[in-house]
Amino acid sequence: TPESENIRLVIDTQANGYLNLYKMTSLSKFLTEAENRLDYILSIKNEVLQNNTFIGQIGYTFLSAYELDHKPEYLQMGLDIAQMCIGLPEKDKILNWGLMCAMDLAKAYRITNNVTYLNEARKFVRNTMTQQYKDGSFPHQYFPPNSHPPYGNNYTDMHYTSWMLYELNQIRTDDPQNPDIEASL
């Protein structure tokens, strides 16, 4: 929905940025700014938790915050989203949206040592790697073989490829032994 997209693209992204600033500076004002945004997301959680992979990015931010401040409600939100990601249809476990869930799942594994999260994160990554073109780029979205997307079957989107490489680097941080990431990067 437009509201959940706004939450992910603006509020969650700001929260993640503030968490990174806090990690770099240890200035508590940055952690406070991140927590203010995360608390807002929690207050409208039912509007945010749409049953799709885009929420994986939000789960990742909540688990990143939990690593810094150990608030149990942040852990719970991140793990709830990880569980939602596991339950998604296989067709949704690829490309950018799949990697958002893989970020959350890899971080959930790092925090809990629950191998189910690790296996699922690796499945999302493995599924995505099958979509990578020989030149290293990724398509903007999945087009079945012999379909005719707007720009032909080899439509390359460098903006999405850049974002997906960022996601893969984040996943690699929490799962450095992932066998499918290095070759892709």
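Details of the structure are given in the entry above.
So, here's what we can say about the structure. (Residues numbered from 1 in each chain as written. Predicted model: local features only at pLDDT ≥ 70, side-chain atom pairs only at ≥ 80, totals over all residues. Heavy atoms only, no water.)

## A word on the nonpolar core
Heads up, the rule is: Nonpolar core, defined: a set of buried Ala, Val, Leu, Ile, Met, Phe, Trp, Tyr and Cys residues in which side-chain atoms within 4.5 Å join the residues together. Note on exposure labels: buried denotes an accessible area under 20% of the residue type's maximum, exposed denotes more than 50%, and partly exposed covers the range between, all computed with a 1.4 Å probe on protein chains only. To qualify as a helix, a DSSP run of H or I must reach at least 4 residues; to qualify as a strand, a run of E must reach at least 2; elements of each kind are numbered from the N terminus.
Of all hydrophobic cores here, the largest spans 45 residues; its most connected members are Ile41, Val125 and Ile171. Elements with a contribution of two residues or more to this core: α1 (2–25), α2 (28–43), α4 (55–69), α5 (72–86), α6 (95–112), α7 (115–129) and α8 (158–174). Looking at this core element by element, the count peaks at 9 residues for α6.

## Considerations on the pattern of salt bridges
Basically, it comes down to this: Salt bridge, as used here: a side-chain nitrogen of Lys or Arg that lies within 4 Å of a carboxyl oxygen of Asp or Glu.
Throughout the structure, instances matching the rule amount to 14 salt bridges. In this structure, Lys91 engages Asp92 in a salt bridge whose closest nitrogen and oxygen atoms are separated by 3.1 Å. Here Asp174 and Arg110 are joined by a salt bridge, their closest N and O atoms 2.7 Å apart. Here the residue Asp174 occupies a position in helix α8, and Arg110 occupies one in helix α6, the gap between them amounting to 64 residues. A single network of salt bridges, built from pairs that share partners, joins Glu67, Lys107, Arg110 and Asp174.

## Some details on the state of the cysteines
Going by this rule: Any cysteine sulfur atom paired with another within 2.5 Å is treated as part of a disulfide.
Taken as a whole and assessed by the stated rule, the structure comprises 1 disulfide. Bridging Cys85 to Cys101, the disulfide has an S-S length of 2.0 Å. As the torsion about the S-S bond is roughly -75°, the Cys85-Cys101 disulfide counts as left-handed. Remark: Cys101 occurs in helix α6 and Cys85 occurs in helix α5; sequence separation between them is 16 residues. Cys101 carries the same exposure label as Cys85, and that label is buried.

## Let's talk about the environment of Tyr160
For Tyr160, the location among the structural elements is in helix α8. The spacing of Tyr160 and Asn96 is 64 residues in sequence and 7.3 Å in space, taken between C-alpha atoms.

## Focus: the packing of α2 against α4
This is how the line gets drawn: Axis lines are fitted to C-alpha atoms, over the contacting stretch for helices. Their N-to-C directions set the angle, which ranges from 0 to 180 degrees. Each angle receives one of four descriptions, namely roughly parallel if under 35 degrees, roughly antiparallel if over 145, roughly perpendicular if within 65 to 115, and oblique otherwise. In this scheme the handedness of a crossing depends on how the near helix is turned from the far one: anticlockwise by less than a right angle means left-handed, clockwise means right-handed. In what follows, a contact means two residues having at least one pair of non-hydrogen atoms within 4.5 Å. Side-chain classes follow a simple rule in which Ala, Val, Leu, Ile, Met, Phe, Trp, Tyr, Cys and Pro form the nonpolar group, Asp, Glu, Lys and Arg form the charged group, and the remainder, Gly included, forms the polar group.
Where α2 meets α4, the closest approach of the two axes is 11 Å, and the angle between their N-to-C directions is 135°. With respect to α4, the element α2 is oriented oblique. As α2 packs across α4, the resulting crossing turns out to be left-handed. Where α2 approaches α4, its residues Leu31, Glu35, Leu38, Ile41 and Leu42 are matched on the opposing element by Ile58, Thr61, Phe62, Ala65 and Asp69. Along the lines of polarity and charge, the residues of the contact of α2 with α4 split into 7 nonpolar, 1 polar and 2 charged.

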